[in-house]
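Observations on the three-dimensional arrangement
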Amino acid sequence: MDIKKIAKQMVAKGKGILAADESTGTMTKRLQSVNVESTSENRLNFRNTLFSSPKISDYISGVILFDETIRQKVSGKSISEILNERNILPGIKVDKGAKKLALSKDETITEGLDGLRERLKEYYELGARFAKWRAVYKISEKDNLPSKESIKANSHALGRYSALVQEANMVPIVEPELLMDGKHNINVCNDVTSMILEETFYQLANNNVDVEGIVLKPNMILNGSESNTKNNPSEVAKLTLNCLKKNVPSGVPGIAFLSGGQSEFEATMNLNEINKVNDSKFAFTFSYGRALQQSALKTWAKDLKDTKSVQHAFEERAKMNSLAAKGKWNKELEKAA
Ligand code: 5MM
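Computed from a prediction, not measured in an experiment: that's the story for all the values here. (Residues numbered from 1 in each chain as written. Predicted model: local features only at pLDDT ≥ 70, side-chain atom pairs only at ≥ 80, totals over all residues. Heavy atoms only, no water.)

Some words on the overall build of the protein chain
Broken down by element type, the protein chain carries 14 helices and 12 strands. The C-alpha radius of gyration of the protein chain comes to 19 Å, within 12% of the 20 Å expected for a compact globule of 337 residues. Here the C-alpha coordinates of the protein chain stretch approximately 50 × 50 × 40 Å along the principal axes. When burial is assessed residue by residue, the protein chain has 57% of its 337 residues classed as buried. Contacts in the protein chain between residues at least 24 apart in sequence constitute 79% of all its contacts with a sequence separation of at least 6. On the protein chain, roughly 14900 Å² of surface is accessible, and the fraction owed to carbon and sulfur atoms is 47%. Put simply, the protein chain has 49 plus and 42 minus side-chain charges, and the middle of one group is 3 Å from the middle of the other. (Helix = DSSP H or I, 4+ residues; strand = E, 2+ residues; numbered from the N terminus. Rg over C-alpha atoms; globule rule 2.2 N^0.38 Å. Buried < 20%, exposed > 50% of the residue type's maximum accessible area, 1.4 Å probe, protein only. Contact = heavy atoms within 4.5 Å. Areas by Shrake-Rupley, 256 points an atom, 1.4 Å probe, with all protein chains shown as cover. Lys, Arg positive; Asp, Glu negative; His and termini not counted. Charge placed at Lys NZ, Arg CZ, Asp CG, Glu CD.)

Thoughts on the pattern of salt bridges
What the rule picks out here adds up to 20 salt bridges. Lys132 is paired through a salt bridge with Glu175; the nearest N and O atoms lie 3.2 Å apart. Here Glu175 lies in strand 9 (residues 171-178) and Lys132 lies in strand 8 (residues 130-137), a separation of 43 residues in the sequence. Shared partners join several salt bridges into a network, and the residues in it are Asp21, Lys93, Lys132, Arg134, Glu175 and Glu177. (Salt bridge = Lys/Arg side-chain N within 4 Å of Asp/Glu carboxyl O.)

Observations concerning helix 11 (residues 264-277)
Over its 14 residues, helix 11 runs 21 Å from end to end, which matches the ideal 20 Å to within 8%, given 1.5 Å per residue. A large share of helix 11 lies buried, amounting to 10 of its 14 residues. Among all positions in helix 11, only Glu264, Ala267, Thr268, Met269, Asn270, Leu271, Asn272, Glu273, Ile274 and Asn275 are buried. Close packing links the buried residues of helix 11 with helix 10 (233-247), strand 11 (254-257), strand 12 (283-288), helix 12 (290-302), helix 13 (307-324) and helix 14 (331-336). (Expected span 1.5 Å × (residues − 1).)

With respect to the site of the ligand
Neighbouring the ligand are 17 residues, the closest being Ser23, Thr26, Lys93, Lys132 and Ser259. Here an oxygen atom of the ligand and a side-chain polar atom of Lys93 are 2.7 Å apart. Between an oxygen atom of the ligand and a side-chain N or O atom of Ser259, the distance comes to 2.5 Å. When the free accessible area of the ligand is taken as 500 Å², the share hidden by the protein chains comes to 90%. At the level of secondary structure, the elements contributing two or more residues to the shell around the ligand comprise strand 8 and strand 9. (Near = heavy atom within 4 Å. Polar contact = N/O pair within 3.5 Å; in protein donor to acceptor, adjacent residues only side chain to side chain.)

Concerning helix 9 (residues 186-206)
Since the α-helix turns once every 3.6 residues, residues separated by three or four places project in the same direction. Over its 21 residues, helix 9 extends 30 Å from the first C-alpha to the last, a length consistent with the 30 Å expected when each residue adds 1.5 Å. The backbone nitrogen of Asn187 has a side-chain oxygen 2.8 Å away, supplied by the residue at the start of helix 9, namely Asn185. In the segment just after helix 9, Asn208 is the residue with positive phi, at about 60°.

Concerning the side chain of Glu177
Among the secondary structure elements, Glu177 is positioned in strand 9. Residues within four places of Glu177 in sequence aside, it is in contact with Arg134, Ala135, Val136, Tyr137, Asn219, Leu258 and Gly260.

Take a look at the structure:
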């Protein structure tokens, strides 16, 4: 299939992406937080319980997998086959993580470009039709971070990654994440996100990436999590929409937000608010990890065999976010769930 069609399918109206691409270290932390041992079997069981939820296809267009998961099988079927049967696109995280940027003040550079062309070929054969690469930035007003060097280096890597992914006939999810950690206010987040997006798209263009065949996965514009200021959803929506309209080329078919540590409720409410005021051509949807999995994980920890309740918890979050992706969510629906 043509990559532009895949990108459109990923952001189809009312559908979003499940980020289940936690590396083993992160997944171990998630499982330990609910006192479950992190074995490869448990990681597969939890993930496959979500993937085989009866109504998943109503809300989810694609799933981002980790290398371990795309190679796993359930009753002889690969995870890609299981997802394809449900009309869900399999995707794969291809970065090798954010490592310390040499001589920097605690900044990171995402690695994984060496050998990527060959790895993409294998992932395509394993069924992946899109990929994901995450650049990570943090704000420090004291140290004037993120630095220009870190923005340039990470954006350049995103550009090279995206070109390689498109060359392999897959859609790159471009994820420049500005963490919400810190005491800064929402306007600082706005200015820094703007700077990051500008450089990201400059580097994508320099690398001949066709923006009609990508999906952008940005952070929302929020107050720092230690700022003691509660986010006002209409302010979040207004600033986020304006920032994206200003910095993202209009050819980009869709924008799928990360949740970034927001609660499940906040992530849904803010997405809904953005869609309510959306006067652009972009489709705004979700590509959530924690904000789609938290309730399901807690339910699973209560009884590892209670598949039905876990799937119900997951489907509820997926449904609420699907409604938010159409601007049709409201608080009352949460109470009814
Ligand atoms: C699912 O978490 C992904 C990161 O995993 P590692 O840190 O283990 O590599 C992450 O890239 C995720 O896809 C996005 O950040 C969105 O997740 P959240 O939880 O922020 O919605």
